[in-house]
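Coordinate analysis (summary)
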Amino acid sequence: MMLKKLLIPIFSLCFLTACWDYKPIDKMLTVTGVSFDIEDDQYLVGVEVSEAVPGESGFKLESYIFEGKGDTPNRAMANILTQVAGTFYLDKCDLVLIGDNIAKDNLKPLVDVLMRNSVYHLTGNLAITKDVKALDVLKMKTKQKSSVSLDISQNIVLNASQNSLTVVSPLYQVFNSVDTPTSAVAMTCISVTTDNAGEPITNTSGAALILGGKLVSYLDAQETLYYNLISGKVNSGRVTLEGMNSTEAEIINNKSGVTAKAQDSGYSVDFAVKCIVALESESAEDTINTVQDVAEIEQKLTADVNEGITNLVNKIIKEAKCDLFSIKSKTRSKSEPEQFLSMLENSQINVKTSVYVDNTNLAK
């Protein structure tokens, strides 16, 4: 009985403990986007904080931009914190914008800080801003958009999953690719264009090629689609194929494979792509009347896609010297970085593409 009386208060103490790093919720600022640039030999960091505030018809989302400078990303972030009464909550931050001036120099120092910092640890998608400061993109607020970073993040996901015109590049993937001179990765790319009314809008189509932590080239929207086809990242979604007057088509199935072997002065790399598409109903009804029509359309689409993929892989492998297709591991190459990149440049590219049209029920 005495033992029972002693255990009850001791057991109760377990429920009276508190988190050592607890912060009041009203002091935590939800960060939805972060930007990094280099300006005057210092890091220029922007932070978008979003919060729900009461409106006329319920709650609405409002966002605020804070910016600061420092000789390191951490010090720039610390300088921003002096402007706010609270601390940053980064778990909901899905977008990290990086200016191309950083990417052209070297991404590794910044990515290393982001990956290892336990205080400002970001796990979201990294995106390179093309020909525009990352902070300027973060500040592109319009009347229709309450949060630029949330809008961009949503567009990236939709563009990657539905249209296959962009890529997703989470922090861990970029971190693993910037460590050696031969490592390459395709990163999300953000550019700025204008709409019909002349207002600036963000464009998430395309990709940035990173080699050894440095920006070496860009892919446009169509090239990114072909890259996703090769990589097997397109299984469904609505896409535009250049053949047949840029006919809209739904990809029903896509299979791809890449094999490589070493030769005397380079590599022999074989790409095989097979996809089944369904033409949009209006185009299909106008162009498909007989089985012969289906065969002709398939030949045109196959030739068009084959040429596009061939041009793309030559650009990636021979011009940009990016090993995005694991050629080094496939050939078990132990060459030094310079020798490997030289052999990569001398690669023999072989592409075999097959495109099949599924609208055969319209053929008479």
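Every residue gets a number counted from 1 within its own chain, in the order that chain's sequence is written. Per-residue local features of the predicted model are confined to residues with pLDDT of at least 70, and side-chain atom pairs are confined, for both listing and counting, to 80 or more; whole-chain, interface and lining totals are unaffected and use all residues. Side-chain calculation: all heavy atoms of the structure are included, whereas hydrogens and water are not.

**Remarks on the overall build of the protein chain**
When helices and strands are tallied, the protein chain shows 13 helices and 14 strands. Here the analysis covers contacts within the protein chain between residues at least 6 apart in sequence; of these, 67% occur between residues at least 24 apart. With residues, only the protein chains shown are counted as cover, and all accessible areas are computed by Shrake-Rupley using a 1.4 Å probe. Summed over its atoms, the accessible surface of the protein chain is roughly 19,100 Å², and 51% of this surface lies on carbon and sulfur atoms. Only DSSP runs of H or I covering at least 4 residues are called helices, and only runs of E covering at least 2 are called strands; the numbering of each starts at the N terminus. Should any heavy atoms of two residues lie within 4.5 Å, those residues are considered in contact.

**Concerning the packing of aromatic side chains**
Classification of ring pairs rests on two measures: the distance between centres of Phe, Tyr or Trp rings, Trp counted by its six-membered ring, which must be within 6.5 Å, and the angle between planes, read as stacked under 30 degrees, edge-to-face over 60 and tilted in between. Per the counting criterion, the structure on display carries three aromatic pairs. Ring centres of Tyr267 and Phe340 lie 5.7 Å apart, and the angle between their planes is 55 degrees; on these two criteria the pair is classed as tilted. Taken together, the residues span a long stretch of sequence, with Tyr267 in strand β13 (residues 267–279) and Phe340 in helix α13 (residues 337–345) at a distance of 73 residues. Residues Tyr267 and Phe340 agree in their burial class; the two are buried. Plain terms: the ring middles of Phe271 and Phe325 are 5.0 Å apart, the flat faces sit at 80 degrees to each other, and that makes the pair edge-to-face. Separated by 54 residues along the polypeptide, Phe271 in strand β13 and Phe325 in the loop between α11 (291–319) and α12 (327–330) bring together distant segments of the chain. For the pair formed by Phe271 and Phe325, the shared burial category is buried. The rings of Tyr227, Phe271 and Phe325 are connected pair by pair, giving a single aromatic cluster. To sit over a ring, a charge needs its Lys NZ or Arg CZ within 6 Å of the ring centre and within 35 degrees of the ring normal. Across from the ring centre of Tyr218, 4.5 Å away, lies the NZ or CZ of Lys130, which sits over that ring. Lying across the ring of Phe340, Lys328 places its NZ or CZ 5.3 Å from the centre. Each residue's exposure class comes from its accessible area (1.4 Å probe, protein chains only) as a fraction of the maximum for that residue type: buried when under 20%, exposed when over 50%, partly exposed otherwise.

**Structural notes on the pairing of strand β9 (residues 207–211)**
Counting buried positions along β9 gives five out of five residues, so the element sits mostly inside the fold. Burial along β9 is two-sided: the face carrying Ala207, Leu209 and Leu211 and the face carrying Ala208 and Ile210 are both buried. As paired elements, strand β7 (residues 184–194) and β9 share five bridges and run antiparallel to each other. Among the inter-strand pairings, Ala184 is bridged to a residue of β9, identified as Leu211. Two strands are counted as paired when DSSP detects at least two bridges linking them. As paired strands, β9 and strand β10 (residues 214–219) are joined by five bridges and run antiparallel to one another. Residue pairing across strands places Leu211 opposite Lys214, the latter belonging to β10. Following β9, the chain reverses through two residues before pairing antiparallel with β10; Gly212 in that reversal takes a positive phi of roughly 60 degrees.

**Quick look at the nonpolar core**
Judged by nonpolar contacts, the single largest core of 47 residues is most densely connected at Tyr227, Ile230, Phe271, Ile316, Leu324 and Phe325. Per-element tally for this core: the top contributor is α11, with nine residues. Discounting residues that sit within four places of it in the chain, Phe271 has contacts with Ile230, Gly257, Val258, Val313, Ile317, Phe325, Ile349, Asn350, Val351 and Lys352. Nonpolar cores were defined as sets of buried Ala, Val, Leu, Ile, Met, Phe, Trp, Tyr and Cys residues, with membership established by side-chain atoms within 4.5 Å. With 37 residues, the next largest nonpolar core counts Ile98, Ile128, Val178 and Ile210 among its residues.

**Some remarks on the confidence of the model for the protein chain**
When pLDDT is averaged across the protein chain, the result is 83; 81% of the residues are at 70 or more. pLDDT is defined as a per-residue confidence score from the predictor, taking values between 0 and 100. With pLDDT under 50 throughout, residues 3–26 is counted as low confidence; its partners more than four residues away or in other chains account for two contacts.

**Focus: α13**
Every buried residue of α13 is listed here: Phe340, Leu341, Met343 and Leu344. Looking straight down α13, one finds that the buried residues subtend no more than 160 degrees of arc, so they occupy a single side. For this quantity, the arc is that covered by the directions from the helix axis to the C-beta atoms.

**Some thoughts on the pattern of salt bridges**
In what follows, salt bridge is the name for a side-chain nitrogen of Lys or Arg lying within 4 Å of a carboxyl oxygen of Asp or Glu. Going through the model one piece at a time under the given rule, you end up with nine salt bridges. Between Glu39 and Lys69 there is a salt bridge whose closest N-O contact spans 2.9 Å. Of this pair, Glu39 sits in strand β1 (residues 28–39) while Lys69 sits in strand β3 (residues 58–70); the two residues are 30 residues apart in sequence, bridging distant segments of the chain. Look at Glu39 and you get partly exposed, because its relative accessible area is 25%.

**Observations concerning the environment of Val84**
Mapped onto the fold, Val84 is located in the loop between α2 (73–81) and β4 (87–89). Residues within four places of Val84 in sequence aside, it is in contact with Leu29 and Phe66.

**Thoughts on the layout of surface pockets**
In this structure, the second largest pocket spans a volume of roughly 290 Å³. Ala184, Asp323, Leu324, Phe325 and Ser326 are the residues nearest the centre of the second largest pocket, which is lined by 17 residues in total. Here the element with the most residues in the lining of the second largest pocket is β7; it accounts for three residues. Looking at the lining of the second largest pocket, its residues break down into nine nonpolar, five polar and three charged. For each structure, a 1 Å grid was placed over the protein atoms alone; sets of points admitting a 1.4 Å probe that cannot get out are labelled cavities, open sets with protein on both sides within 12 Å along at least five of seven lines are labelled pockets, and lining residues have an atom within 4 Å of a point. Grid points are joined across faces, edges and corners, and a volume is the space filled by probe spheres set on the points. Following the grouping adopted for this structure description, the nonpolar residues are Ala, Val, Leu, Ile, Met, Phe, Trp, Tyr, Cys and Pro, the charged ones are Asp, Glu, Lys and Arg, and the polar ones are all others, Gly among them.

**Things to note about unusual backbone geometry**
You will see that Asp41, though not glycine, has its phi angle at about 60 degrees, which is positive. Within the secondary structure, Asp41 is located in the loop between β1 and β2 (42–55). Phi is positive for Arg332, close to 55 degrees, though the residue is something other than glycine. As for its position among the elements, Arg332 is in the loop between α12 and α13.

**As for the environment of Asn106**
Among the structural elements, Asn106 can be located in the loop between α3 (100–105) and α4 (108–116). By relative accessible area, Asn106 is classed as partly exposed at 27%. Residues Asn106 and Ile210 lie 104 residues apart in sequence; the distance between their C-alpha atoms is 9.5 Å. Apart from the residues lying within four places of it in its own chain, the contact partners of Asn106 are Gly212, Gly213 and Lys214. A distance of 3.0 Å separates a polar side-chain atom of Asn106 from the backbone nitrogen of Lys108. Polar contacts, as used here, are pairs of N or O atoms within 3.5 Å; protein pairs need one atom able to donate a hydrogen and one able to accept it. Residues neighboring in sequence count only if both atoms are side-chain atoms.

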